[in-house]
Amino acid sequence: MFLAPFVLAVLVAAQPGSPARDDAPAVPPDSAVLRTMPSPPLVEAPLEACAAESDYVAGFDALVRGEDARAVESLERVVEACPRHPYAPELARLARARLTPGGRLAQETLARPVVVSEEGTSRGARASLTILQTMHGITQGILLCSIAGCDDSRAYVAVSLLGGGAGAAAALLLTQSGLTPGQAAAINSGTVWGFGYGLSSIGSFDLDGDNAIASAMVGGLGFTGLGILIAEFANPTAGQVSMANSGGLWAGVLAGLLMATQESNETQTFFAVEQVVVAGGLVSMALVSRNLDISRGRMLLIDSGGILGGLTGLSALFLLLGDDADEDVYLVGAATGVVAGLAATAFLTRNFDAPDAPAVSIVPAVMGRHGGMGLAMLGRF
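Residues numbered from 1 in each chain as written. Predicted model: local features only at pLDDT ≥ 70, side-chain atom pairs only at ≥ 80, totals over all residues. Heavy atoms only, no water.

Scanning the chain from N- to C-terminus turns up 15 helices and two strands. Here the chain holds 381 residues, and 32% of them are scored as buried. Counting only contacts in the chain whose residues sit at least 6 apart along the sequence, the fraction spanning at least 24 positions is 73%. Carbon together with sulfur atoms contributes 66% to the accessible area of the chain, which is approximately 23,900 Å² in total. (Helix = DSSP H or I, 4+ residues; strand = E, 2+ residues; numbered from the N terminus. Buried < 20%, exposed > 50% of the residue type's maximum accessible area, 1.4 Å probe, protein only. Contact = heavy atoms within 4.5 Å. Areas by Shrake-Rupley, 256 points an atom, 1.4 Å probe, with all protein chains shown as cover.)

Here it is, written out as structure tokens:
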């Protein structure tokens, strides 16, 4: 019995244990010592010992700048000097993938922004400018002949032909380098608004005779020049010009409907207020449109919504109240319908100008660490 513990101890000591390396140092079984041992490094030697830290920094900077060939060259030197570098192999693989034609195509596709407002020159825009400015020249010739007191009808014909020819020649000669639809719309809109302001100035300033005719002439010429400046320096799109025009138009319509409910019959005040309100609508919507990508088609839909809303408000009140209601109620109802129609159509068409499909590229690429080939899909969703 007394020998049993001794025999058991000998047997346990004789059991085979885990083989130990000859060069491995003996580690005392102390948990405190184990906790203080350093973790093995990520690389076999410090980066400074590889003498490749400067090449790694240069390769990373070249990769960021898009200089992929230079990045591959620097990063391959890092991998050669330090094969177990934690980042250089992956960055080199990325740079080599970007050097392939498919990678370049995908990079260019993703870097190209989706811009709805970008417009190119158009022959149609140049033609529309020529047509309207020909009519502008004819009108200016007739008005000029009226001021000059032409007594013969042949003089009116001759001067109108000269004016039309001058307008057409100016439109064609000054746009030989091309014209975008937005630029043409800005110039033509300036002409139309100029004649409108010239005619409304007759009422607001109580002009008559030659002064009234001169007001229309100066308005047409002055606003056409303003449209040329806007087209040259602001370079608006057709949708932005349409939005500015709609702002001025609907501001004038709403102001006219509300002022018609007043008992005052002051014509000068009416036209003066209209001019100020229309100018405010034009300028405010022009400023708002600079931060929007909006098309002429969407603005036409919104204008249609305003027309339909005004008619709906007027018709609904007529069906409810009949002929007994005061006419001011119908005017206010029409104005309310216009505002509701514009707002509702603007909301319903909020995705009208969205691109039909995202920019997507499917390209061959090197997949994984072992150089396997595959397909990569890149896109903007």
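Take the nonpolar core next. A52, Y56, A62, L63, A71, V72, L75, V78, A88, L91, A92 and A95 together form the largest nonpolar core, which totals 12 residues. Those elements that provide at least two residues to this core are α4 (53–65), α5 (68–81) and α6 (88–99). Among the nonpolar cores identified, the runner-up in size contains 10 residues, and L129, L179, A184 and A186 belong to it. (Core = buried A, V, L, I, M, F, W, Y, C linked by side-chain atoms within 4.5 Å.)

This part is about α6. Between the first and last C-alpha of α6 there are 17 Å, a value that for 12 residues agrees with the 16 Å anticipated at 1.5 Å per step. Every buried residue of α6 is accounted for by A88, L91, A92, A95 and R98. The arc that holds every buried residue of α6, seen down its axis, measures 125°, which confines them to one face. (Expected span 1.5 Å × (residues − 1). Arc of directions from axis to C-beta.)

Here we take up the pattern of salt bridges. By the definition in use, this model includes seven salt bridges. A salt bridge links R93 to E90; the nearest nitrogen and oxygen atoms lie 2.9 Å apart. With R93 and E90 both in helix α6 and three residues apart, the pair spans about one turn of that helix. Its relative accessible area of 26% is what places E90 among the partly exposed residues. One connected set of salt bridges, linked through shared partners, spans D55, E73 and R77. (Salt bridge = Lys/Arg side-chain N within 4 Å of Asp/Glu carboxyl O.)

Taking 1.5 Å of rise per residue, 22 residues should cover 32 Å, and helix α12 (residues 238–259) covers 31 Å from first to last C-alpha, within 8% of that figure. Most of α12 sits inside the fold, with 16 of its 22 residues counted as buried.

Turning our attention to the state of the cysteines. Where two cysteines share a covalent bond between their sulfur atoms, that bond is called a disulfide. The final tally for this structure, using the stated rule, is one disulfide. Here C145 is linked by a disulfide to C150, with a sulfur-sulfur distance of 2.0 Å. Taking the torsion about the S-S bond as the criterion, the C145 to C150 disulfide, at about -125°, is left-handed. For C145, a relative accessible area of 2% corresponds to the buried category. (Disulfide = S-S within 2.5 Å.)

Our focus in this paragraph is the packing of aromatic side chains. Counted by the stated rule, this structure contains three aromatic pairs. When the centroid spacing of 5.7 Å and the interplanar angle of 85° are considered together, the rings of F270 and F271 count as edge-to-face. With a relative accessible area of 28%, F271 lands in the partly exposed category. Residues F318 and Y330 carry aromatic rings whose centres are separated by 6.5 Å and whose planes lie at 45° to one another, so their mutual orientation is tilted. You can see F318 sitting in helix α14 (residues 296–321) and its partner Y330 sitting in helix α15 (residues 327–348), a full 12 residues away along the chain. On the basis of relative accessibility, which here comes to 14%, the residue Y330 falls in the buried class. Residue placement shows R350 over the ring face of F347; its charged tip is 4.1 Å from the ring centre. (Phe/Tyr/Trp six-rings, centres within 6.5 Å; stacked < 30°, edge-to-face > 60°. Lys NZ or Arg CZ within 6 Å of the ring centre and 35° of its normal.)

Averaged over all residues, the pLDDT of the chain is 81; the fraction at 70 or higher stands at 75%. In this model residues 1–49 is a low-confidence stretch, pLDDT under 50, and it forms 11 contacts with partners more than four residues away in sequence or in other chains. Low confidence marks residues 113–117, where pLDDT is under 50. Its contacts with residues over four positions away, or in another chain, come to seven contacts. (pLDDT = per-residue confidence, 0-100.)

The phi angle at D206 is positive, at roughly 55°, despite the residue not being glycine. Examined against the element boundaries, D206 turns out to sit in the loop between α10 (181–204) and α11 (210–233). One non-glycine residue, N235, lies in the positive phi region at around 50°. Tracing the backbone shows N235 in the loop between α11 and α12.

Turning to the packing of α14 against α15, a few remarks are in order. Interhelical geometry of α14 versus α15 gives an angle of 145° and a closest axis separation of 6 Å. In terms of crossing hand, the pair formed by α14 and α15 is right-handed. (Axes fitted to C-alpha atoms, helices over the stretch in contact; angles between N-to-C directions. Left-handed = near helix turned anticlockwise from the far one by under 90°.)

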